[in-house]
Structures are given as C-alpha cells and as structure tokens.
Amino acid sequence: EDQTRSILSKSKNYVIVRPGPLLGVKSKNGSLDIEVNQGDTIGGGISRDELAGVVVGALVNPNTTKKGITVEVYRTSTRTKLQPEFELQSGNEVTGSTTYAGLFDTIKAAS
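This section reports on the structure supplied with the text.

Criteria and thresholds
Residues numbered from 1 in each chain as written. Predicted model: local features only at pLDDT ≥ 70, side-chain atom pairs only at ≥ 80, totals over all residues. Heavy atoms only, no water. Buried < 20%, exposed > 50% of the residue type's maximum accessible area, 1.4 Å probe, protein only. Helix = DSSP H or I, 4+ residues; strand = E, 2+ residues; numbered from the N terminus. Pairing = 2+ DSSP bridges. Core = buried A, V, L, I, M, F, W, Y, C linked by side-chain atoms within 4.5 Å. Contact = heavy atoms within 4.5 Å. Expected span 1.5 Å × (residues − 1). Arc of directions from axis to C-beta. Polar contact = N/O pair within 3.5 Å; in protein donor to acceptor, adjacent residues only side chain to side chain.

Here's the deal with the pairing of strand β1 (residues 15-19)
Now for step 1: Burial of β1 is one-sided: the residues I16 and R18 facing one way are buried, the residues V15, V17 and P19 facing the other way are not.
Now for step 2: In terms of strand pairing, β1 meets strand β6 (residues 69-75) through 5 bridges, oriented parallel. Considered in β6, the bridge of P19 is made with V73.

Structure representation (structure tokens):
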C-alpha cells in the first residue's frame, strides 16, 4: 500500500476503499448501516452490495475529487478494533448518511 500511495500522491486524485471481510448477506438499510472511518484502527464486515454502494458514492461525491483519500468501510454492527490497544471509537467515524455519497461529505484528505 505504501508503494501505491507513493505513486498516487503525485496526483492526489484518488480514493482507496479498504473493506472488511465480505459478508454473505445483503444490506437491509443501505448506507444507514455503513460506517466510513480513517486511521486504520477499526474494521468490520460489509456486504458486496454495500461495498458497491460505497465505491459509487466515493466516485460521485465532489468532496473526494483531488484530495487523496483512504478509508475503511464496514457495517456498523460489525465494528471491531484492529488491535487490542485501539479504541473502539476513533473519532473519525462517519455514519448515518441516507446516501452512500453522503458518507464522504466530511472525509479528510490522506496525510
């Protein structure tokens, strides 16, 4: 991933979506069940249809243009710390949007 970031950092026009394990059940509530996070401290599962919605949402949200963004995405009910020392709430969560594109309204550029 560091090599990818090195290449992409020259343009800053990218979104890296890091999903958790793919779940075998379809979404019941769409984007309302999804959490987008930054910092690589929290993960969880996501269904294929939810992941497709997140990717399309990232593509159509103008906030993602020319920023360089990396996010973790998962169903809120599956939220899990990636390491025991991490907090379950990172402070970077975005959830509760009625659209997949809305999940990216307040996302920050990668540093």
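Next comes the rest of the account.
Comments concerning the nonpolar core
Now for step 1: In this structure, V36, V54, V71, V73, L103, F104 and I107 are the most contacted members of the largest nonpolar core, which totals 14 residues.
Now for step 2: Among the secondary structure elements, those contributing two or more residues to this core are β3 (34-37), α2 (48-60) and β6.
Now for step 3: Once you skip the residues sitting within four places of it in the chain, L103 turns out to touch S31, I34, V36, V54, V94, T95 and S97.

So, α2
What sets the pattern is the α-helix's 3.6 residues per turn: residues three or four places apart point alike.
Now for step 1: Compared with an ideal rise of 1.5 Å per residue, which puts 13 residues at 18 Å, α2 spans 19 Å between its outermost C-alpha atoms and is within 8% of the ideal.
Now for step 2: Of all the residues in α2, the buried ones are E50, L51, G53, V54, G57 and A58. Looking straight down α2, one finds its buried side chains confined to an arc of 160°; they lie on one side. For α2, exposure combined with an orientation more than 90 degrees from the buried face picks out R48, L59 and V60.
Now for step 3: For α2, the elements touching its buried residues are β1, β2 (22-23), β3, β5 (46-47) and β6.

Description of the side chain of S31
Now for step 1: Summarising the element assignment, S31 is placed in the loop between β2 and β3.
Now for step 2: Its relative accessible area of 4% is what places S31 among the buried residues.
Now for step 3: Polar side-chain contacts of S31 include one of 2.7 Å to the backbone oxygen of S97.
Now for step 4: In this structure, S31 is in contact with S97, T98, T99, Y100 and L103, ignoring residues within four places of it in sequence.

Honestly, that's just the spatial picture; any functional story needs more than this.
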